[in-house]
Amino acid sequence: MTFAITTLLILISITIVGYPIWANRNQSQKIVDPIEEIEEISRRSRERVYEEIVSLDSFNGEAQQGILDVSQLILEAEFSQVMSKGYDLLQSGDPEQAILQFENASGLGVNADQAVAAIKQTENEIANSKIAAIQSLILSAEDMEQWHDAVTHYDRVLEIDSNIVFAVEGKDYASKRAQLNDLLEQAIAGPDRFYEEDVFQ
């Protein structure tokens, strides 16, 4: 069985790299353990080698562990590639597509915490970007004393995050100013009604 495994490794290595991976072309170095030299083959090639060994010797624990180790390396490499795509999309200004890549990475079964952290960070950046844009509208509305519009914009911020202090306090102030403006407009439109009791209730 050992002879068969060794022969198989020789044939596979010749097919992959053109000559036995543990043989020195100059014959100046000592032949080493073929299992150790398998590490010189690519991850997927190594996985095929281990699988062939197990098919010939199902009790070869080292080969079985090798399959698990190489499979883990393959998943980690795929994870890195998908995450890189996500970060590239983020840098190019497409955070929604970046989140999709991060979600794909989180489903690979490795380093899921890193992918989840990237998703949360990207979602926060999206939220902050939206809030910054709305803040510009708020400032413009307040400068023009369009208090009802300001209240509407504050509500949009609070829909994103109901705990943002500037939006909570700003809405309260804008609401009062909007109410005061309404009363003043009513007074101008009908001065007699301004003194009616229900105006102040």
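Nothing here was measured: the structure is a model prediction, and the numbers come from that model.

A. The arrangement of the confidence of the model for the protein in detail. Scored by pLDDT, the protein has a mean of 75; 59% of the residues are at 70 or more. At the low end of the mean pLDDT range in the protein sits helix H1 (residues 2–17), at 48; at the high end sits helix H7 (residues 147–160), at 96. Considering only residues more than four positions removed or in separate chains, one finds that residues 14–33, a stretch of pLDDT under 50, has 24 contacts. Note that pLDDT drops below 50 for residues 35–41; the model gives that stretch 17 contacts with residues more than four away or on any other chain.

B. Here's a closer look at the pattern of salt bridges. This structure, assessed with the given rule, holds two salt bridges. With its nearest N and O atoms 2.7 Å apart, the salt bridge here joins Lys171 to Asp155. In this pair, Lys171 is assigned in helix H8 (residues 165–189) and Asp155 in helix H7, connecting sequence segments 16 residues apart. With a relative accessible area of 27%, Asp155 lands in the partly exposed category. For the salt bridge of Asp172 with Lys176, the shortest nitrogen-to-oxygen distance reads 3.4 Å. With Asp172 and Lys176 both in helix H8 and four residues apart, this pair spans about one turn of that helix. By relative accessible area, which is 52% here, Lys176 ends up exposed.

The rules we used
Residues numbered from 1 in each chain as written. Predicted model: local features only at pLDDT ≥ 70, side-chain atom pairs only at ≥ 80, totals over all residues. Heavy atoms only, no water. pLDDT = per-residue confidence, 0-100. Helix = DSSP H or I, 4+ residues; strand = E, 2+ residues; numbered from the N terminus. Contact = heavy atoms within 4.5 Å. Salt bridge = Lys/Arg side-chain N within 4 Å of Asp/Glu carboxyl O. Buried < 20%, exposed > 50% of the residue type's maximum accessible area, 1.4 Å probe, protein only.

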